[in-house]
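Per-entry structural report
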Amino acid sequence: MLLWVMPDSGARTMEDYATLVSLFKKENPSVDVTVRVFTRNVLWRRVFTLKDPSHEEKPDLIQIPHYWTALLLRAGVMENLSQLDPGLSLTDCLLPLKENCYQPGTKDIYSYPWWFDLSALHYRADHLKLVSAHPEEDLKTWSGLLSICAALRETFGDVPGYYPMQNSDWRGSLSMRSALPCVWSRGLNFFTEDYAATLVGSKEFKDALRDYITLALKEYMPILRERGSLGTIVSGKASMMISRKQGIGSFSARRGVRVQTLPVPAAGEKTASYLSGMNWFISTFSQHKKDSLKFIKFCARPDIQLRYAKMIEVFPAFEEAFEPLISSTPRLQIYKEILPTAHILPNMVIMGTVMEILKRVLAMCATQIVENRFTPALLDRELDLTAKEIEFLLSIYKG
Amino acid sequence: MFDKKSYTLYKFHKELNQSFQDKRELLECALPALRDLFKLDRVYFFDWQQERAILSLKMMCKKEYCMDMQEDISVANEPSFLRQLLQEGVAETTDLSYPALYVLIRWLRPTMELKSGEVRSIMREKVGVLRLERFRKKRVFTSQEIDLIKDLGQEISHNLHNTEIDQAKNQRLNISTALNDLSTIFASSLRLNDGLELILKGVQRYFHFDRVHLYLTNSEGSRIKSVLGVDISGNVTHESGDSLRDEEKQILKEVFDSPATYRAIRSVIYLPLKVQRTKVGFLTFDNILSRRKIGYLDFISLQQFATQLALTIDNARLFERVQELSNYDELTKLPVRRYFNEKFAEEIYRAKRFGLSLSLIIMDIDWFKQINDKHGHQIGDWALKAVSKIIRSSLRQTDVPCRFGGDEMIIMLPRTNSEEAKVIARRLQSRICDITLPDRDAIEPEHLSISQGISSYPSDATTTQDLLEKADQALYVVKQHGRGSFAVYREVADQVQQNEPTDEKTDK
């Protein structure tokens, strides 16, 4: 059985999957499991060529971001899990994750939840203490965040390579996932309520992206730099980071470093978090569908969910494991507050494409920023073009 | 004897001396070899993206394995480090807390270019960068090591060049084979539409397009007649040209105004299908949903394929036209007797096999001989055309009308019993009664009328010949009773016995 997975835990992904697979093999010694790790970009290209008859590598089980389900279902590469096992259910799955597992408009399960994470603001308590008496209050709004960044820059100005914010994006670029809370915080979305038109070209959407881009524009957050050379919260060359939970536990484990977590500062009227989920799906062309299903069920087991979530520092997708994890440590209590503010991307055919288009827009902005030629007008123009592209996609794929 | 450096180079060369399917496979072999040779903790391979001036990480190798990773480094952020790298081929970064060495890799890759209408194969330089890290023991790279790494970098460059050439050759071969296969399938399919469906499905599958559409124009090439498409799920769609949106209809003009449109950024290709000056239609291929670029090599191959396809479609259309001419009566545009007999036999077989009903109507125009004698043959022909037009427009697609000879016409109605046939006969009678002859001198308008005889399978007869005979006998009864009406054989069978028809029709 061949698994295509995403780098869940960065450079440690292979080791973490090796642990998981060895647990599975203990119970299923006859099943051979091979793991291949692909970045989101590579996986995006590869899933569209699964149908290619000349493709030598035929994966059985593939890990995908939750919002790719409708798309890959349309592409005809997903096995109907409900048909494969009529007993398979999502009853215990956390509510926001369910919608992205079904074929839109039906209760047929095509992808199964694996894990999820929530974006939040993490900060070094000792650093913030130097610039704010009440960080919890000052970091409630986006403008508050920018003021704190300015104060931190002033305070740590003589530390070489220091940035108030650590960049959580793997590429070290501007990331749509980090920008999303700014959009939702303004009460906005990608589409109108009936999903008939896009709001990407609206003034509010442009303002929301500008809020996020300001972090790079004012050099509060590094972009497109050699990753290893950059300051981190742990090394003391950064003080804050908007990211998912991953990695924060290891920060706190370092002696003398106390990392606190807060909801992402509200760019609009209310605070919002991005709930990013990972799902499994079985390829239509799999030769080992039964074993793949066995693996999916194994991964959904509360003990495995809890173990893997702890291992890579994410949240389990099922209630039975989620509750014990969140209650296990006071550090995670804040997520009880964050979860109700979480938003998820809709289960639409074009959602993955929309994210790819916006990723390209932000990549272009990042290049313009480092080359000192970024202007808000350029961003506005790009988003207007993007809106037209999305409208066209909507006209073809009806969402 | 080899010195140590030569021996290392030889070993490395031997390790890479194999055929790799693609760049990834080569790097999966080369990076671990470098890691082991220099006791590295991690080795990375970056692509140099010239248009964005960015080093973009593609692959990382650590411990026992390689995996995809992401990291973008802008040159604008690191000008001095990159200048050194470009000038000297190696650069050591000073920003990291451990030794890390960057090594430049340059190689030529084959590519295609379209210049003034002709395709040229050219070699374009590609640049990549290796990053070698020692972060555990932090052992610095010695000058001998750096020299050796540069030489090994050249070995990797050489292998990348060979792999890319092999890959381009294989890709070309695969495409040619695929297109050849598809052409063979197309040539062997009996019906044009079936063949086109197979072609589109095949092209979509081999080239991994999200969607493929074939727009066929009318014979003048001025209007889109129909659209055949295959979507991302592999489903086939048929659409009439009339139902297209205005902007889609506009594409026709756009496509033929420019010889071929290749919009790589938008992942769309339009290819006109032309045979000399005749417009046959055009093809569109898109990756709008998956946003994958369509390779130039694919574009060139499809362009050649389009020329072949246009010719085949044009030939198939000509063949269909010839068939149409031989199967249809020129005056009435109704099928001729030979075509009707074939279809009639097929339908009778189907009716017997699946227990279906079938009816037959035989009709002729009342007093047709007198119309010819009184108004001339031109008006007679006009009457025949007018009646057959009504027949064509009043029937279902599955019904088969036919000009049997003179003014005699036959209609075969599959899956129709005698009661349903009567409804159709009544409808025809009423519509044809509305036709008036175009005689300017006539004081009173002269209306046409028809007489019809109906027989049904299986109630009246079970063979084609018997059904024809029974319908003809019913028609004879109608004529005996004054014309302008219809009769079902079963209902007038008793009268048929008394009035056997003679060979000569009374009204002619």
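All of these numbers come straight from a predicted model, not from anything done at the bench.

What counts as what
Residues take numbers from 1 onward in each chain, read along the sequence in its written order. By the order in which they are written, chains take letters starting at A while ligands take numbers starting at 1. At least 70 in pLDDT is required for a residue's local features to be given in this predicted model, at least 80 for side-chain atom pairs to be given and counted, and no such filter applies to totals for whole chains, interfaces and linings, which use all residues. Under the scheme used here, helices are H or I runs from DSSP no shorter than 4 residues and strands are E runs no shorter than 2 residues, and both carry numbers assigned from the N terminus. Burial is judged by counting the other C-beta atoms within 10 Å of a residue's own C-beta: 20 or more makes it buried, 12 or fewer makes it exposed, and any count in between marks it as partly exposed, with every C-beta position built from the backbone. For the purposes of this description, domain bounds are those given by an automatic or database domain assignment. Two residues form a contact once the distance between their C-beta atoms, set from the backbone, is within 7 Å. As a working rule, the residues Ala, Val, Leu, Ile, Met, Phe, Trp, Tyr, Cys and Pro are called nonpolar, Asp, Glu, Lys and Arg charged, and the rest polar, with Gly in that last group. Convention adopted: a line fitted to C-alpha atoms gives each axis, helices being fitted over their contacting stretch, and angles between N-to-C directions are expressed from 0 to 180 degrees. Each angle receives one of four descriptions, namely roughly parallel if under 35 degrees, roughly antiparallel if over 145, roughly perpendicular if within 65 to 115, and oblique otherwise. Throughout, a crossing is termed right-handed when the near helix is turned clockwise from the far one, and left-handed when it is turned anticlockwise from it by less than a right angle. For our purposes the nonpolar core covers buried Ala, Val, Leu, Ile, Met, Phe, Trp, Tyr and Cys residues that link as a set through C-beta atoms within 7 Å. Each residue carries a pLDDT value, the predictor's own confidence for that position, ranging from 0 to 100. Note on pairing: two strands pair once DSSP finds at least 2 bridges between them.

It is worth spelling out the environment of T94(B) at this point. Looking at where T94(B) falls in the secondary structure, it is placed in the loop between β5 (90–92) and β6 (100–115). A count of 9 C-beta atoms within 10 Å places T94(B) in the exposed class.

We now examine the domain arrangement of chain A. Residue and element names in this part refer to chain A. The domains assigned to chain A are domain 1 (2–118 + 276–343) and domain 2 (120–273 + 347–397). Computed over C-alpha atoms, the centres of domain 1 and domain 2 are 26 Å apart. Across the boundary between the two partners, domain 1 contributes 23 residues, which contact 22 residues of domain 2. Residues that form the side of domain 1 that touches domain 2 fall into these classes: 12 nonpolar, five polar and six charged.

What follows covers the packing of helix α4 (residues 143–188) of chain B against helix α5 (residues 192–207) of chain B. Angle between the axes and distance between the axes are the two parameters that describe a pair of packed helices. Residue and element names in this part refer to chain B. The geometry of α4 relative to α5 is characterised by a closest axis approach of 9 Å and an angle of 165 degrees between their N-to-C directions. It follows from the interaxial angle that α4 and α5 lie roughly antiparallel. Every pair of crossing elements has a handedness; the one defined by α4 and α5 is right-handed. Contacts from A178, L182, I185 and F186 in α4 reach G195, L198, I199, G202, V203 and Y206 in α5. Taken together, the residues of the contact of α4 with α5 sort by class into eight nonpolar, two polar and no charged.

Turning to the nonpolar core, a few remarks are in order. Judged by nonpolar contacts, the single largest core of 169 residues is most densely connected at L72(A), W115(A), M165(A), M351(A), A366(A), L31(B) and V129(B). A per-element tally of this core places helix α16 (residues 351–370) of chain A first, with 11 residues. For L72(A), the contacting residues outside a window of four places in its chain are V47(A), I64(A), V77(A), M78(A) and F281(A).

Facing 37 residues of chain A, the contacting portion of chain B comprises 30 residues. The biggest single contributor to the side of chain A that touches chain B is α16(A), with four residues. For the side of chain A that touches chain B, the residue count by class is 16 nonpolar, 11 polar and 10 charged.

To continue, consider unusual backbone geometry. The linkage connecting Y457(B) with the following residue, P458(B), adopts the cis geometry, with an omega of 0 degrees. Here P458(B) is to be found in the loop between β17 (450–457) and α12 (464–480). In this model, E219(A) sits at a positive phi of 60 degrees, which is unusual for a non-glycine residue. Turning to its location among the elements, E219(A) is positioned in the loop between α10 (203–217) and β7 (238–243).

This part is about the confidence of the model for chain B. Residues and elements named next belong to chain B. Confidence in the prediction of chain B, expressed as mean pLDDT, is 86, and 93% of residues score 70 or more. Of all helices and strands in chain B, the one with the weakest mean pLDDT is strand β11 (residues 261–263) (59), whereas β17 scores best (96). Confidence drops under pLDDT 50 across residues 503–508; counting only partners more than four residues distant or on other chains, this segment forms six contacts. Here the complex is predicted with pTM 0.80, and the ipTM for its interfaces comes to 0.89.

Here the focus is the sheet that holds strand β14 (residues 358–365) of chain B. Residues and elements named next belong to chain B. Read across the sheet, five strands follow the order β15-β16-β14-β17-β18 without closing on themselves; strand pairing throughout is mixed. Only two strands of the sheet have a single neighbouring strand rather than two, namely β15 (400–405) and β18 (486–488). Strand-to-strand twist in this sheet, taken as the mean axis angle between neighbours without regard to direction, amounts to 20 degrees. On the sheet, helix α11 (residues 418–433) packs against β14, β16 (408–414), β17 and β18 and is oriented at approximately 165 degrees with respect to β17.

Residue and element names in this part refer to chain A. Across the interface, helix α9 (residues 176–185) lies against α10 with an axial gap of 8 Å and an inter-helix angle of 130 degrees. When the interaxial angle is binned, α9 and α10 end up oblique. Once α9 is placed against α10, the crossing between them reads as right-handed. Taking contact as the criterion, the partners of S178, A179, C182 and V183 in α9 are, on α10, F205, A208, L209, D211 and Y212. Classifying every residue of the contact of α9 with α10 gives seven nonpolar, one polar and one charged.

The next subject is the sheet that holds strand β6 (residues 163–165) of chain A. Residue and element names in this part refer to chain A. One open sheet accounts for four strands, arranged β6-β7-β5-β8; its pairing is mixed. The sheet is open, and its two edges are formed by β6 and β8 (259–262), each paired on a single side. Adjacent strand axes in the sheet meet at a mean angle of 25 degrees when their direction is disregarded. In the sheet, strand β5 (residues 120–124) pairs with β8 via four bridges, with the strands oriented antiparallel. Each residue of the ladder has a partner; that of Y123, found in β8, is Q260.

Further remarks concern the environment of D211(A). Residues and elements named next belong to chain A. By secondary structure assignment, the location of D211 is in helix α10. Taking the number of C-beta atoms within 10 Å as the measure of exposure, D211 has 22 and is therefore buried. With 141 residues separating them in the primary sequence, D211 and G352 have C-alpha atoms 23 Å apart.

To continue, consider the pairing of β7(A). Residue and element names in this part refer to chain A. In terms of burial, β7 is a largely internal element, six of the six residues being buried. Bridge analysis of β5 against β7 gives four bridges, and the strand direction is antiparallel. Bridge pairing in β7 links L121 to I242. In this sheet, β7 lies alongside β6 in parallel orientation, the contact comprising two bridges.

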